[in-house]
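For reference, the chains in residue letters:
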Amino acid sequence: MRANESGKIDNSATLTRREALQAVAGLTGASLLPFSSEAKPSSKHSAEWPADSDFTALLESRLRPFNDEWRFHRGEVTGAESPSFDDSAWRTLDVPHDWSIEDLPTTAEGDRGAIWTDGTNPLRVGPFDAYQSEGQISTGWTVGGIGWYRKAFQAPIPKGETTELRFEGVYMNCDAWLNGAHLGNHPYGYTPFTFDITPHLKDGTNVVALRVNNSGRNSRWYSGSGIFRKVWLAVSGDLHIPEHGISVVTPEVSKEAATASVEVTVENDATIDKRAYARVRLIDAAGATAAESSSPLTVPRNGHAAATCALHIPTPHLWSPNDPHLYRVEVLLEEDHKPINAAALHIGIRKIEIDAAQGLRVNGEAMKLQGGCVHHDNGPLGSACIPRAEERRVEILKANGYNAIRTSHNPPSRDFLDACDRLGMLVIDEAFDCWEAGNKNPQDYHLYFKDWSQRDLEGMIMRDRNHPSVILWSIGNEINERAEPHGVEIGKALAALAHKLDPTRKVTAAICHAWDHPGKTWADMQPAFTYIDVGGYNYQWPEYEKDHTKYPDRIMAGTESFPNQAYQNWHAVEANSYVLGDFVWTAIDYLGESGIGHASIANGQAHSVFSPPYPWFNSYCGDIDLIGNKKPQSYFRDVVWRRSKVEMAVQRPIPPGYSEHISMWGWSDELRSWTWPGFENTPMQVRVYTRGDRVKLLLNDREVGSKDVTEKDALKAEFTIPYASGELKAIAYQGGTEIGRISFQTVGKAYKLMLTADRLKLKATRDDLSYVTVQIADEKGRPLPDAVVPVTFSLEGPGELAAAGNANPKDVSSFRQPHCKTFHGQCLVIVRPHENSGSIQLRAESPGLEPATMKLEIYG
């Protein structure tokens, strides 16, 4: 669905029924058709369900995307809330939008933009500014500040209808106006909010204005800035389904039969009581009706009422991480035999059971959480929640063995959870990184917690409660007052609210040791476990068995863990039923918390630092790097999770007299490479990872070493051999029988570029993207694992270069310019289509290398 400049629906953009329903599935709200407010009450309903096209039209007619043709200005402006303000010089853009990832304004020659730190890294380049960044290390040296958005639109005012402006997420401290009237303020950047704009609408042109204030030190990671999630315009009549007005639970689930209880809340803004019919049907993946139900209800004037419809499904297709089957619930509200309101959402029929005795079961089958913590940014795109970007992160993690994500440390986007539903990813949905204490940042959410926390928790749960992927609510991460008496009371109140809003899910929180309370111990943290159903243990796997002895009914989960302790953590998970799983910090590299996963070399004793200084800007602690590729620790995790029999890596040579120092969240600087020109005869550290009991190493088919692997070796065998070009091969054995082998070959010099796209065909919508990887290869087409070369891009056709970058955590450069360097032989360009069909020609060039081209098809 698309909107033209007037804000009205443009029916020239044809969507399939499935696409149209997906566009509104999970959104609040009702899509309505006009109806007579004078209609007589009736307890009857029409016999036939509307045709598919009519139902789709009903959904689309009153829930409109409100994302294009915004005007934007970065910086403070006086009077921009006034409808008469002249914004003609402002940029025109689409949202979702993140201004902090964009290039900063250029500086005049001689300004600080020309200052260099070490002859290599400018102090101001692209989105990075080592002077002006208030968040500094925490936010990856990016700049927040104040930004303004304005949008003009034409809005009819049908009699008796209400118009709402719905924001899925604005970071942060958003003030909104319509036609100069202040609509309100929303501080938290990660929860949805809605303004009723009916009283301020007028005939003709209307102007909405937003002032977004991301100032000060308010985040421990990169937050991004602006309207970074979608916006909708919703129109409803007197009798309507409100935002978040549909709740679906499945009280009875088995392979033989299931019951889904659909509660439909209806509001009545009229001055008389009204009677209506709520009709519900369940549609399977083939488009057939699996179950139907209906219920009459009387809605009091200026009040609300709820109807519960029970759906009985024989031999249901159950949802699970291994088989994420989704049904679609369609809801129709009728008055006087006429459809007046509709909603649609996807659900999964599944049964979640959690206890200490048997751990987690999904549909009766035991499952351990192979989890990772994930921040919300999309790498080179910043925090802009473009649906395909959100989906790709989930796809990558799923492909690398993950079945669970903890949304650290805030509610994710709706599109992210939709992707988790479709792809089969379990989710710990987390609300807050702080409560009332201000020990983390002086301008963070603790300033608003007392006034807003209950509303924000409610907003998260009401929005997300129908997602089958969500299995736990988390009410906090490493909360300072977690174990203090007043903190325990806060925790009890939050947990009680979560249970009231959703009695079907348990509540957790991530509890850390007493690092923020000098002189106290882990024992002093135990009060924090009194208000949660599942104990979240951050970096505390050695405490599992000791705590189980003291608290045998406690359910535990490793809510954060160090990458280099993956084997120890997973061993503890597998050995104990009461430990649900482990969530590594982190699954994917993210912007901010700069370099906490660093490894460095030093001559002599190195000083331990939490984060190295500028130009480090990304965390570099993830299994997956910033552009979506596996890092060495991810291959090790493949062995830990039994996805691979054997893996191998080679340590980058360390100069004589130097040693490597690895942070707690770091990993050795090792590569899957046997191409080390200039290091002939240099002793090389080779590491082989396996669950086998013996490893043999061969160089050019000659055995150069063999070792036994025992439990104390934590699945690792290390060898030191002199480098010589050729083939390095590792063979793993169990009980004398080969179980797997892996080899690296020395490759030639850089000769050409190669392009690989995750998708060659894209929809003509701003929601889609193609991620194109550039690989440096030798003449035979073999990738160079460590090549660093400049690459320039050009594009022709109905699309744009949305971003370009690499995974280097220290390469401060623009993500918006059509060029970047490779890192470990690769870089990435992201192509975003326009809203018209055609072909895109992408070309990548590098001096002295054979260029590469690619064709992308855009279809309507």
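Above this text is the structure in question.
Residues numbered from 1 in each chain as written. Predicted model: local features only at pLDDT ≥ 70, side-chain atom pairs only at ≥ 80, totals over all residues. Heavy atoms only, no water.

Description of the overall build of the protein
Helix and strand counts for the protein stand at nine helices and 55 strands. Taking 2.2 N^0.38 as the reference for a compact globule, 860 residues should give roughly 29 Å; the C-alpha atoms of the protein span a radius of gyration of 28 Å, in line with that estimate. Dimensions of the protein along its principal axes, counting C-alpha atoms only, are 90 × 65 × 55 Å. For the protein, buried positions account for 61% of its 860 residues. Excluding contacts between residues fewer than 6 apart, the proportion of contacts in the protein whose partners are at least 24 apart in sequence is 72%. Summed over its atoms, the accessible surface of the protein is roughly 33000 Å², and 49% of this surface lies on carbon and sulfur atoms. (Helix = DSSP H or I, 4+ residues; strand = E, 2+ residues; numbered from the N terminus. Rg over C-alpha atoms; globule rule 2.2 N^0.38 Å. Buried < 20%, exposed > 50% of the residue type's maximum accessible area, 1.4 Å probe, protein only. Contact = heavy atoms within 4.5 Å. Areas by Shrake-Rupley, 256 points an atom, 1.4 Å probe, with all protein chains shown as cover.)

Concerning the pattern of salt bridges
Inspection of the entire model under this criterion finds 56 salt bridges. The partner of D68 in a salt bridge is K151, and the shortest N-O contact between them spans 3.6 Å. Residue D68 is located in the loop between β4 (63–65) and β5 (70–74), and its partner K151 is located in strand β9 (residues 145–154); the two are separated by 83 residues in the primary sequence. Residue K546 pairs with E543 through a salt bridge whose shortest N-O separation is 3.5 Å. Judged by relative accessible area, E543 falls into the buried class, the value being 16%. Where salt bridges share partners, they join R388, E391, E395, R422 and D758 into one cluster. (Salt bridge = Lys/Arg side-chain N within 4 Å of Asp/Glu carboxyl O.)

Some details on the packing of aromatic side chains
Within this structure, the stated rule accounts for 40 aromatic pairs. Geometrically, the ring pair formed by F66 and F153 is edge-to-face, given 5.1 Å between the ring centres and 85 degrees between the ring planes. Of this pair, F66 sits in the loop between β4 and β5 while F153 is found in strand β9, placing the two residues 87 residues apart along the sequence. F153 matches F66 in its accessibility class, with the two residues each being buried. Measuring from ring centre to ring centre gives 6.4 Å for F167 and F195, while their planes differ by 70 degrees; the resulting arrangement is edge-to-face. Of this pair, F167 sits in strand β10 (residues 162–167) while F195 is found in strand β13 (residues 193–196), placing the two residues 28 residues apart along the sequence. For the residue pair F167 and F195, the accessibility class agrees, reading buried in each case. Members of the aromatic cluster, connected to one another through ring pairs, are Y171, Y188, Y190, F228, F432, W435, Y445, F449 and Y531. Between R392 and the ring centre of Y771, over which it is positioned, the NZ or CZ distance is 3.8 Å. The cationic tip of R554 hangs over the ring face of F529; the distance from NZ or CZ to the ring centre is 3.9 Å. (Phe/Tyr/Trp six-rings, centres within 6.5 Å; stacked < 30°, edge-to-face > 60°. Lys NZ or Arg CZ within 6 Å of the ring centre and 35° of its normal.)

Looking at empty space enclosed by the protein
Under the criterion given, the structure shown has seven cavities of 30 Å³ or more. Put simply, the largest cavity is a space of about 200 Å³. Lining the largest cavity are 19 residues, with Y171, Y188, N218, D444 and Y445 sitting closest to its centre. If you add up the space inside the second largest cavity, you get close to 170 Å³. N378, G379, R393, I588 and L626 are, among the 19 residues lining the second largest cavity, the residues nearest its centre. The element contributing the most residues to the lining of the second largest cavity is helix α3 (residues 387–399), with four residues. (1 Å grid on protein atoms, 1.4 Å probe; cavity = no way out; pocket = protein on both sides within 12 Å on 5 of 7 lines; lining within 4 Å. Points joined across faces, edges and corners; volume = space filled by probe spheres on them.)

Here's the deal with the nonpolar core
Counting 101 residues, the largest nonpolar core has L397, F432, W435 and I475 as its most contacted members. Of all the elements, helix α6 (residues 485–501) adds the most residues to this core, at seven residues. Setting aside anything within four residues of it in sequence, one finds F432 in contact with Y188, H409, Y445, F449, S453, D456, L457, I475, G476, N477 and L494. Formed by 32 residues, the second largest nonpolar core is a distinct cluster that contains V248, A260, A276 and L311. (Core = buried A, V, L, I, M, F, W, Y, C linked by side-chain atoms within 4.5 Å.)

Considering the pairing of strand β36 (residues 579–584)
Counting buried positions along β36 yields six of six residues, so the element is predominantly enclosed. As judged from the three bridges shared by strand β35 (residues 555–561) and β36, these two strands associate in the parallel manner. Within the sheet, the bridge partner assigned to M556 lies in β36 and is V579. Handedness of the β35-helix α8 (residues 566–575)-β36 crossover: right-handed. (Pairing = 2+ DSSP bridges. Right-handed = clockwise from strand over helix to strand, strands pointing away.)

Focus: the packing of α8 against helix α9 (residues 632–640)
Taken N-terminus to C-terminus, the directions of α8 and α9 make an angle of 30 degrees; their axes are 10 Å apart at the nearest point. Judged on the interaxial angle alone, α9 and α8 are roughly parallel. Both α8 and α9 take part in a crossing whose hand is right-handed. Of α9, the residues touching α8 (which contributes A566, Y567 and W570) are F636, R637 and V640. Of the residues assigned to the contact of α8 with α9, the class counts are five nonpolar, no polar and one charged. (Axes fitted to C-alpha atoms, helices over the stretch in contact; angles between N-to-C directions. Parallel < 35°, antiparallel > 145°, perpendicular 65-115°, else oblique. Left-handed = near helix turned anticlockwise from the far one by under 90°. Nonpolar A, V, L, I, M, F, W, Y, C, P; charged D, E, K, R; others polar.)

Quick look at the sheet that holds strand β41 (residues 683–690)
Strand pairing in a sheet relies on backbone hydrogen bonds, with the paired strands running either antiparallel or parallel. Strand order in the open sheet formed by four strands is β40-β38-β41-β44, with antiparallel pairing between adjacent strands. For this open sheet the edge positions go to β40 (670–671) and β44 (716–722), each flanked by a neighbour on one side alone. Of the pairings in the sheet, the one linking strand β38 (residues 646–651) to β41 comprises five bridges and is antiparallel in character. Opposite E647, over in β41, you have Y689 as the bridge partner.

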